Amino acid sequence: MIKVVGVIGAGVMGIGVSHSLAQAGFQVKLIDVTEAALDKAKEEIYNNVRMQAFFDKTVTPDLPELVLSRIAFSTDYGILHDADFVIENATEKWEIKKDIYPVLDEICPSHCVFAVNTSCISITRIGSLTQRADRILGMHFMNPVPLKPMVEAIRGHYTTEETIKTARELLKQMDKECIVVNDMPGFVSNRVLMLTINEAIFLVQDQVATAEEVDTLFKTCFGHKSGPLETGDLIGLDTILYSIEALYEAYNDSKYRPCPLLKKMVSAGQLGRKSGQGFFDYQVS
Ligand code: NAD
């Protein structure tokens, strides 16, 4: 039975995953490399649970405190010694993720399952960093995590059915379901989505249309709830760049070349919602 869940990375996804797990009753241990990231995460989780009350009448006034009381915030991987399940949401860079798994493999109990919340990186490649490739799977959560009922689960080359079953049970308790797909970089959703967002950025760069016009066409003509540039801002333009670079590296196919405007915006710190400016402007909390 899963009781203790480790969450690695307290960014956009780690915040949403920790919130959903704690609300579902799990004991959560959230790890990041800086205290500043953890302090920000604590504040955001509190505010996000409070905001839920506006559209979910079952939210009681004590829920924000209750959710926070179930999360331990730490920079020390050592506290994961009793984790039954770990969901890793660190930055979308192989150079960063590759150093995390041998450490987790050393610290976590042998029964512990590792779930990689990655946009594009191969689960089989990550599994090869550990002695438990059979107990690793991809769990590609959608953003914002507390509001999205579906997860794209990825079966690595050695992932067992038992591991998939354990992940399904965890998701069920979080009120979520998954569709299980096979492992190739980008899986289903991001092999399509990252190309779409990158191409939409080329349209703005080439002055074919403004960001507003591109998104309005997608929303009004195709019935999409959100346009590709608004979606890029929500995901984080740095994460989009790292994802498209990971796809380029994995397939050696020029269709995954990142748009120069995307690179320029990331260098300028225009990362979308999380920095307050991307293709559109936002208020940062
Ligand atoms: P983010 O940049 O918002 O957060 C990443 C966090 O990881 C940062 O707080 C950083 O300090 C932390 N980190 C870096 N190295 C670490 C380490 N060694 N140990 C612990 N923490 C470390 O990124 P994000 O948007 O939360 O994305 C996280 C992962 O989830 C990525 O792999 C991304 O591709 C994937 N993902 C993102 C989205 C999205 O919409 N943003 C959706 C699905 C999946």
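These notes cover the structure that comes with them. Every value quoted in this text rests on a predicted model; they were computed, and no experiment measured them. (Residues numbered from 1 in each chain as written. Predicted model: local features only at pLDDT ≥ 70, side-chain atom pairs only at ≥ 80, totals over all residues. Heavy atoms only, no water.)

1. What about the site of the ligand?
Here is the rule we go by: Residues are classed as near a molecule or strand on a simple rule: at least one heavy atom within 4 Å of it. Within 3.5 Å is the distance limit for a polar contact, defined as a pair of N or O atoms, with the added protein rule that one can donate a hydrogen and the other accept it, and that residues adjacent in sequence qualify only through two side-chain atoms. Labels follow the DSSP assignment, with helices taken as runs of H or I lasting at least four residues and strands as runs of E lasting at least two, numbered in each case from the N terminus.
Inspection of the region around the ligand gives 26 residues, with Met-13, Asp-32, Tyr-77, Glu-92 and Ser-119 positioned closest. Here Asn-117 contributes a backbone N or O atom positioned 3.0 Å from an oxygen atom of the ligand. In this structure, Ser-119 approaches the ligand through a side-chain N or O atom, which is 2.5 Å from an oxygen atom. With three residues, helix H4 (residues 94-107) is the largest single contributor of residues to the shell around the ligand.

2. Here we look at the side chain of Thr-159
Cut-off, in case you're wondering: Between two residues, a contact is recorded if the distance between any of their heavy atoms is within 4.5 Å.
Locating Thr-159 in the fold gives a position in the loop between strand E7 (150-155) and helix H6 (161-173). One polar contact links the side chain of Thr-159 to the main-chain carbonyl oxygen of Ile-136, over a distance of 2.6 Å. The residues touching Thr-159, leaving out its near neighbours within four places in the chain, are Ala-133, Asp-134, Ile-136, Leu-137 and Ile-164.

3. Overview of the pattern of salt bridges
For the record, the criterion: One speaks of a salt bridge when a side-chain nitrogen belonging to Lys or Arg is within 4 Å of a carboxyl oxygen belonging to Asp or Glu. With a 1.4 Å probe rolled over the protein chains alone, any residue whose accessible area is under 20% of its type maximum counts as buried; one over 50% counts as exposed, and the rest are partly exposed.
Summed over all chains, the structure comprises 11 salt bridges. Of the charged contacts, one joins Arg-155 and Glu-161 as a salt bridge, the two residues approaching to 3.6 Å between their closest N and O atoms. With relative accessibility at 54%, the residue Glu-161 sits in the exposed group. A salt bridge links Asp-238 to Lys-274; the nearest nitrogen and oxygen atoms lie 3.0 Å apart. Of the two residues, Asp-238 is situated in helix H10 (residues 237-251) and Lys-274 in the segment after helix H11 (260-267); the sequence distance between them amounts to 36 residues. Salt bridges sharing common partners tie together Glu-95, Lys-98 and Asp-99.

4. Some thoughts on the packing of helix H7 (residues 189-205) against helix H8 (residues 211-222)
To keep it simple, the criterion reads: Each axis is a line fitted through C-alpha atoms, taken for helices only over the stretch in contact, and angles between the N-to-C directions span 0 to 180 degrees. Roughly parallel covers angles under 35 degrees, roughly antiparallel covers those over 145, roughly perpendicular covers 65 to 115, and oblique covers all other angles. The handedness criterion is simple: a crossing whose near helix is rotated anticlockwise from the far helix by less than a right angle is left-handed, and one whose near helix is rotated clockwise is right-handed.
Two elements in contact, H7 and H8, have axes separated by 9 Å at closest approach and are oriented at 135°. Judged on the interaxial angle alone, H8 and H7 are oblique. Considering how the two elements wind past one another, H7 and H8 form a crossing that is right-handed. Within the contact between the two elements, H7 uses Thr-196, Ala-200, Leu-203 and Val-204 and H8 uses Ala-211, Val-214 and Phe-218.

5. With respect to the packing of H8 against helix H9 (residues 228-235)
Quick reminder of the rule: Residues are grouped as follows: nonpolar covers Ala, Val, Leu, Ile, Met, Phe, Trp, Tyr, Cys and Pro; charged covers Asp, Glu, Lys and Arg; every other residue, Gly included, is treated as polar.
One way to put it is that H8 packs onto H9 with a least axis distance of 7 Å and a crossing angle of 105°. Relative to H9, H8 is oriented roughly perpendicular. The residues of H9 that touch H8, namely those facing Ala-211, Val-214, Asp-215, Phe-218 and Lys-219, are Pro-228, Leu-229 and Glu-230. For the contact of H8 with H9, a count of residues per class yields five nonpolar, no polar and three charged.

6. Some details on the environment of Thr-210
With respect to the helices and strands, the residue Thr-210 is situated in the loop between H7 and H8. Here Thr-210 falls in the partly exposed class, since its relative accessible area comes to 42%.

7. Concerning the nonpolar core
Heads up, the condition is: In this description, a nonpolar core means a group of buried Ala, Val, Leu, Ile, Met, Phe, Trp, Tyr and Cys residues linked to one another through side-chain atoms lying within 4.5 Å. Domain segmentation is taken from an automatic or database assignment of domains.
Counting 50 residues, the largest nonpolar core has Leu-104, Leu-229, Leu-262 and Phe-279 as its most contacted members. Residue assignment for this core shows that the elements contributing at least two residues are H4, strand E5 (113-116), helix H5 (123-127), H7, H8, H9, H10 and H11. Counting only domains with at least three residues in this core, you end up with domain 1 (4-182) and domain 2 (190-267). Discounting chain neighbours no more than four positions away, the residues touching Phe-279 are Ile-201, Val-204, Ala-211, Leu-229, Asp-233, Leu-237, Leu-261 and Met-265. Judged by nonpolar contacts, the second largest core, of 37 residues, contains Met-13, Leu-21, Phe-26 and Ile-45.

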